[in-house]
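Observations on the three-dimensional arrangement
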Amino acid sequence: PPRQVLAYASPLRNQQGAVVVMHDVTEIRRLERVRRDFVANVSHELRTPVSIIRANAETLLDGAIEKPEIARRFLDAQLRSADRLAALVADLLEISRIEAGTYEMSPDEIELEPIVAHTIDEVERLAQEKHIEITSSVAEDMTVWADEQALEQVLLNLIDNAVKYTPAEGKIRVRAARRGDMVRIEVEDNGPGIEPRHRARVFERFYRVDKGRSREVGGTGLGLAIVKHLAEAMKGQVGVEPAEPHGSIFWLTLPAASD
Ligand code: ADP
């Protein structure tokens, strides 16, 4: 392929230029592979719920519709698959909006405590069903420099994950502390935690520690990728550390609002 020839020919002319060209070839290949993997993943993820919807419709038409108690089960599975599809499409749109740079960020000085409280309210129902207690100890005067909607999305994804992956009777704590120019927000759960070899990778698109578990709780595999993208767009960082004696601490840093 011509690109390889280029990489070969360059050293004769200019040593420095060659390094740049070779690097470009590797980078182009890497990006092509990332894009191919992503399209393959998306196709696979979309295909599963579509085939469930289709197969169940067929079974219903083949006669299952005559038996209400069976029909209900098939329809229920269809509904769940349709919800999965909707969640996937919403997350995909979100990712592509962020990557295309069309996600409009309007950073402002934001009070953290009300947003955390509001986000906890959003997951309260699921938390109550599982008898999970969520407590927040964010100081009332803590402010960050962030886009309000993006911050809400990031917090929701982290707290929602904590609720989804923590077993019944679990505990979730949200806290925030000033660290120099930044504010570090932590969402700690006492769930199963994430093994070291998976830790760096959970922020990749479609990376799941346990595929079955993720599907069961209605995950799309894109939540943490969105978190990372949004956090970085707000000049922050994200990460995950083990909690003691077990569980995860997902953390997020954001610029402190200057005062
Ligand atoms: P999903 O839609 O599968 O939840 P995410 O990107 O939000 O996708 O998370 C990626 C994976 O990271 C999950 O599938 C799960 O395996 C793991 N994970 C995320 N949050 C937690 C948590 N609080 N505790 C344990 N595992 C988690």
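Residues numbered from 1 in each chain as written. Predicted model: local features only at pLDDT ≥ 70, side-chain atom pairs only at ≥ 80, totals over all residues. Heavy atoms only, no water.

- As recorded by an unreviewed UniProt entry, the chain carries the name histidine kinase and is attributed to Nannocystis pusilla.

**Quick look at the layout of surface pockets**
- Considered as a void within the structure, the largest pocket measures approximately 1000 Å³ in volume.
- Asp160, Asn161, Lys164, Tyr165 and Val217 are, among the 38 residues lining the largest pocket, the residues nearest its centre.
- Listed by contribution, the elements that provide at least two residues to the lining of the largest pocket are α3 (68–99), α4 (112–129), α5 (148–165), α7 (211–216), α8 (223–233) and β7 (248–255).
- It is α5 that contributes the most residues to the lining of the largest pocket, eight residues altogether.
- Put simply, the second largest pocket is a space of about 550 Å³.
- What lines the second largest pocket is a set of 22 residues, and nearest its centre among them are Phe203, Glu204, Arg205, Phe206 and Tyr207.
- Every element with two or more residues in the lining of the second largest pocket is listed here: α2 (15–61), α8 and β6 (237–242).
- Tallying contributions element by element places α2 first for the lining of the second largest pocket, with six residues.
- For the lining of the second largest pocket, a count of residues per class yields eight nonpolar, four polar and ten charged. (1 Å grid on protein atoms, 1.4 Å probe; cavity = no way out; pocket = protein on both sides within 12 Å on 5 of 7 lines; lining within 4 Å. Points joined across faces, edges and corners; volume = space filled by probe spheres on them. Helix = DSSP H or I, 4+ residues; strand = E, 2+ residues; numbered from the N terminus. Nonpolar A, V, L, I, M, F, W, Y, C, P; charged D, E, K, R; others polar.)

**Description of α4**
- Its 18 residues give α4 an end-to-end C-alpha distance of 26 Å, which sits within 8% of 26 Å, the value for a rise of 1.5 Å per residue.
- Remark: the principal bend of α4, roughly 50°, maps to valine 123.
- Within α4 the residues assigned to the buried category are Leu112, Ile115, Val116, Thr119, Ile120, Val123 and Ala127.
- Among the structural elements, β1 (108–111), β2 (133–137), β3 (143–146), α5, β4 (171–179) and β5 (182–189) are those in contact with the buried residues of α4. (Expected span 1.5 Å × (residues − 1). Bend = angle between axes of the 7 residues up to and from the residue. Buried < 20%, exposed > 50% of the residue type's maximum accessible area, 1.4 Å probe, protein only. Contact = heavy atoms within 4.5 Å.)

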